[in-house]
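Listed below are the residues making up each chain.
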Amino acid sequence: SLCDWSSDVCSSDLRRPGSAMRKAERHMELLELAPGWLDGEGVPPTGELLELVGAWLDEHQRQDLEDPRLFPTPEGGVEAEWRIGRLDLSVEFDPRRGLAEWHQLDLDSGAVVEQQVALQDAPGMSRLGITLQEVLASGYLSSESEEAAR
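Residues numbered from 1 in each chain as written. Predicted model: local features only at pLDDT ≥ 70, side-chain atom pairs only at ≥ 80, totals over all residues. Heavy atoms only, no water.

**Student:** I would appreciate a short explanation of the environment of Ala-80 in the present structure.
**Tutor:** Looking at the secondary structure, you find Ala-80 in strand 2 (residues 78–84). On the basis of relative accessible area, Ala-80 is assigned to the buried category, the value being 0%. Taking the C-alpha atoms as reference points, Ala-80 and Trp-102, 22 residues apart in sequence, are found 9.8 Å from one another. For Ala-80, the contacting residues outside a window of four places in its chain are Pro-68, Arg-69, Leu-70, Leu-89, Ser-90, Val-91 and Phe-93. (Helix = DSSP H or I, 4+ residues; strand = E, 2+ residues; numbered from the N terminus. Buried < 20%, exposed > 50% of the residue type's maximum accessible area, 1.4 Å probe, protein only. Contact = heavy atoms within 4.5 Å.)

**Student:** What exactly am I supposed to notice about the pairing of strand 2 here?
**Tutor:** Both faces of the sheet carry side chains from a regular strand, because those side chains alternate between them. With respect to burial, strand 2 is a largely interior element, five of its seven residues being buried. Here four bridges tie strand 1 (residues 69–72) to strand 2, and the two strands are oriented antiparallel to one another. Bridge pairing in strand 2 places Leu-70 opposite Ala-80. Two successive antiparallel strands, strand 1 and strand 2, enclose a turn made up of five residues, where Gly-76 displays a positive phi of approximately 95°. Note: strand 2 against strand 3 (residues 87–94), seven bridges, orientation antiparallel. Its bridge partner lying in strand 3, Trp-82 is registered against Leu-89. Linking strand 2 back to strand 3 in an antiparallel pair, the connection comprises two residues, with Gly-85 at a positive phi of about 60°. (Pairing = 2+ DSSP bridges.)

**Student:** Even after reading the chapter, I still don't get unusual backbone geometry, so can you show me in this structure?
**Tutor:** Residues other than glycine predominantly adopt negative phi, and peptide bonds predominantly adopt the trans conformation. Look at Asp-39: it is not a glycine, yet its phi comes out positive at around 50°. Along the chain, Asp-39 falls in the loop between helix 1 (19–31) and helix 2 (47–60). Overall, the relative accessible area of 78% leaves Asp-39 in the exposed class.

**Student:** I'm lost on the pairing of strand 4 (residues 99–106) in this one. Help?
**Tutor:** Bridge count for strand 3 against strand 4 is eight bridges, and the pairing is antiparallel. For Asp-88, the partnering residue across the bridge sits in strand 4 and is Leu-105. With antiparallel pairing between neighbouring strands as the criterion, strand 3 and strand 4 make up a hairpin whose turn holds four residues, including Gly-98 at a positive phi of roughly 70°. Counting the residues in the hairpin turn of strand 4 and strand 5 (residues 112–118) gives five residues, including Gly-110, whose phi is positive at 80°.

**Student:** How should the pattern of salt bridges be read in this particular structure?
**Tutor:** Any two side chains of opposite charge can pair, on the condition that their charged atoms come close. Counting across every chain of the model gives five salt bridges. Here Glu-81 ties to Arg-69 by a salt bridge, and the two come within 3.6 Å at their closest N and O atoms. Here Glu-81 is found in strand 2, whereas its partner Arg-69 is found in strand 1, with 12 residues between them in sequence. A salt bridge links Arg-83 to Asp-88, with the shortest nitrogen-to-oxygen separation between them at 3.5 Å. The exposure class of Asp-88 is partly exposed, given its relative accessible area of 28%. (Salt bridge = Lys/Arg side-chain N within 4 Å of Asp/Glu carboxyl O.)

Shown next as structure tokens:
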């Protein structure tokens, strides 16, 4: 579901107690960054980019898992990061280049998967979201089975 970041609650948050407050707080932190936030450098992300990231995550993030960690990038983008078992995953939303950049690192094998999709390519962003759902599901299932084996 799409979330209006200016509201306190969106439909997807009704299933995730506390999520609306955490998202709203993090959104405000990112929105309130001043130009030069990083040692005199650093462009703050725009409200438009934050809405795009929020809508994409609301649509593709598994509702029963932790939200990703969100960080500003010096270029005015936002990076979403997940740690799923022994997998590091990030998606950087880069408005300057108009790209979403996927970076996946298997910490055991060192295997890296990278891809780029134009932010305005709706079918491509949807496919990237489906990939996120698949990776989150497989990582979630493997971490559950590892815990069950202990």
